[in-house]
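# Inside the fold
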Amino acid sequence: MIDSEPNPLLLPSPFQDDAFDFDSLQNHHFLPALEVSLKDGRAAIAAITRNPEPATFSNTIEALETSGESVGHVSSIFFNLFGSHAQDGLEELAQEISPKLSAYSNDIVLDDALFARIKHAWETDREDLTLEQKKLADDLYKSFTRNGALLSDPDKALLREIDQELAGLSPAFAENIRNATNAYELVLTDEADLAGLPPSALEAARACAAEKDKGDAWVFTLDAPSFSPFLKYADKRDLREGLWRAYSSRAFKDEFDNQDTLLRTVTLRHQRAQLLGYESHAHFVLEERMADTPERVLGFLSRLADAASETAKAELADLKALRHELEGDEEIKPWDTSYYSEKLKQRRFDLDQEALRPYFQLENVIEGMFEHARLLYDVSFSPADDIPGYHADVRVYTVTDNQTQAYLGLFYTDFFPRSTKRNGAWMSTLREQGLQGGEIKRPHVSIVCNFTKPTPSTPSLLTFDEVETMFHEFGHALHTLLTDCTYTALSGCNVFWDFVELPSQIMENWVVEKTSLDLFARHYETGEPMPEELALKIKDSARFMAGSTSLRQLSHGFLDMAWHTADPADITTVEAFETAATAASAWLPREPGSCSSPSFSHIFAGGYAAGYYSYKWAEVLDADAFESFKQAGLFDKSTARRFRTCILERGGVEHPLKLYKDFKGQEPDPDALLRRDGLID
């Protein structure tokens, strides 16, 4: 790169509210921008430590909070692209950038002079602080002590080595999954192999074949919009098995094998925790969670598993009976569960999931999502077509509070799969809300998904599961967009990990309600609203297979806790360890050759290590919280106002249990989830 070339990562943005100029960004901009920002960040730290004045909240704690703004900006843009649009070369950059950021973080938390000032300010300058300032000071002091500030110099050096290596393992793990996913294609040329598949899946497979230059064929991949309907509808059992085995062995004993990366990760996490004085990585993590300890998490998971197991056994018996009736064989394998569940659902509720698709055109669902935000929180979303996204699929919206006309932030949407995007769905922030550049800035938020793409003849028609996913991620986005805090470290989703899913999961409750569906579920050809009969079937079937669905999710939670409480020295092989860890919560016997841990990106390439249980934990919260909306009215303004002011606006300023009690008036009822799922009366 020529030194004089403009670098958009270092220049003021020409767009509204400093929206990032993605159109001008090239991969070669990242490293130079990062070096400049790291230099600026280190200079800001040096100014704090060399300040001759006594340490105070203002000149030390607040100064440190704002010292790394440029570093945060560059890293946020990079890692958003790494997940959603990792073009050629970005993977290699991640291997350089992650260790640099880790070293920068270590330089801060292991700086004795800086910690001495933080400790002095934390101990002496508290009398006139606001609640939020005290929380920031407490969190910062605790963060330093939890990350090595009290270690000896040799142990600090060892901690640096561990963190440097861990920083490179996470992106490598993610890239292996992406490569393994992209490496597989099921190419079919015989129409007989397509029996049972609905027109939407066939048209998408045709479009995929054209995109991949496969000629007169149908191509199915391991991306969810392709993989899921094939397992649900394809009559050819051997083809379902092949696709399932490919998906269930991604990055396992193939050229992208993640086993060594996984084992090294858990070993280093365990070493790090013990170096800091904790029994395991889970003990370290859970100290800063509502759940507190691994023992409490395991007790929580076990209680739910006990409640779900009998129902799950009955559900499996139903599937076996159906297969025996239809085919004279009652064997059920993992590649059969979705297929026969769908047939049973159609029989029991007269509900074909494909019959729902025409009512869920993507554009209408987006409109309905925004309408829910208006009815609940009186905010509006307006297209901002002049602001660039990072891909042609990305759309940008300006968010406004209708009551005050206050600008709330920017909202980016990115809905379709591509080879440069990782699987799944997530919300991320391009810019946090809070104090930056001397003023309170509003957030820039994105939701990224992998939904059914439009075809040459049909718009994007979502499955009901995809509708739920969109509302889930939108809940995360609202948590960030509506936050009203002073400091970025406490704003939006910067809360305890087992609380962060409450604002997202509660939004899923609305989409099974007829009142909500009436707002957006319209037939894409006729514009007619979804018939009441069909809407009621959605609600009636909401508990279908609740036992087995719960067990599968709980199994992931048990597996996560096992990886992060075990002594790595006791682990023989990844496959054997996973089998033992999930045996008690297994719904079906494990299939040889399958192993989910090497593609468990949530815990090895995301933020959910020792935290996957939080999905179920938050389900208890959202089930209990939604009961308040049902009692008062789905769009009751008073209830929505309490949820906004007590939870969404408050970020991590107070303990989440305090925030929840402020909203609900009491602690959450642990049986609310079991009641909603029909697992208890």
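Rules used in this analysis
Residues numbered from 1 in each chain as written. Predicted model: local features only at pLDDT ≥ 70, side-chain atom pairs only at ≥ 80, totals over all residues. Heavy atoms only, no water. 1 Å grid on protein atoms, 1.4 Å probe; cavity = no way out; pocket = protein on both sides within 12 Å on 5 of 7 lines; lining within 4 Å. Points joined across faces, edges and corners; volume = space filled by probe spheres on them. Helix = DSSP H or I, 4+ residues; strand = E, 2+ residues; numbered from the N terminus. Expected span 1.5 Å × (residues − 1). Buried < 20%, exposed > 50% of the residue type's maximum accessible area, 1.4 Å probe, protein only. Contact = heavy atoms within 4.5 Å. Phe/Tyr/Trp six-rings, centres within 6.5 Å; stacked < 30°, edge-to-face > 60°. Axes fitted to C-alpha atoms, helices over the stretch in contact; angles between N-to-C directions. Parallel < 35°, antiparallel > 145°, perpendicular 65-115°, else oblique. Left-handed = near helix turned anticlockwise from the far one by under 90°.

What follows deals with the layout of surface pockets. Empty space within the second largest pocket amounts to approximately 540 Å³. Along the wall of the second largest pocket there are 26 residues; nearest its centre are Cys 208, Thr 221, Asp 223, Pro 417 and Lys 453. Among the secondary structure elements, those contributing two or more residues to the lining of the second largest pocket are α7 (153–183), α8 (199–211), β2 (218–220) and α9 (224–233). No other element matches the seven residues that α8 contributes to the lining of the second largest pocket.

Spanning 16 residues, helix α16 (residues 362–377) covers 22 Å between terminal C-alpha atoms, matching the ideal 22 Å at 1.5 Å per step. Of all the positions in α16, only Leu 362, Asn 364, Val 365, Ile 366, Gly 368, Met 369, Phe 370, His 372, Ala 373, Leu 375, Leu 376 and Tyr 377 are classed as buried. The positive-phi residue at the C-terminal boundary of α16 is Asp 378, with phi of around 55 degrees.

So, on to the side chain of Gln 433. Its place among the elements puts Gln 433 in the loop between β6 (426–431) and β7 (434–436). Owing to a relative accessible area of 0%, Gln 433 belongs among the buried residues under this scheme.

This part takes up helix α11 (residues 259–275). Under the 1.5 Å per step criterion, the end-to-end length of α11 is 24 Å for 17 residues, consistent within 8% with the ideal 24 Å. Within the span of α11, buried status applies to Gln 259, Thr 261, Leu 262, Thr 265, Val 266, Leu 268, Arg 269, His 270, Arg 272, Ala 273 and Leu 275. Lining the buried residues of α11 we find α7, α12 (281–286), α21 (546–565), α22 (574–582) and α23 (601–604). Phi turns positive one or two residues past the end of α11, at Gly 277, with a value near 95 degrees.

With the rule as written, the count across this model stands at 44 aromatic pairs. Centre to centre, the rings of Phe 360 and Phe 464 are 6.2 Å apart; their planes meet at 40 degrees, and the pair counts as tilted. Here Phe 464 lies in helix α17 (residues 464–481) and Phe 360 lies in the loop between α15 (353–356) and α16, a separation of 104 residues in the sequence. Since its relative accessible area comes to 9%, Phe 464 is described here as buried. Note on Trp 510 and Phe 626: the rings are 4.9 Å apart at their centroids and 75 degrees apart in plane angle, and the pair reads as edge-to-face.

This part takes up the packing of α9 against helix α10 (residues 237–247). Taken N-terminus to C-terminus, the directions of α9 and α10 make an angle of 140 degrees; their axes are 9 Å apart at the nearest point. As summarised for this structure, α9 and α10 are arranged oblique, according to the angle between their axes. Between α9 and α10 the crossing geometry is left-handed. Contacts from Phe 227, Phe 230 and Leu 231 in α9 reach Leu 239, Arg 240, Leu 243, Trp 244 and Tyr 247 in α10.

Shape is all these values report; function is a separate question.
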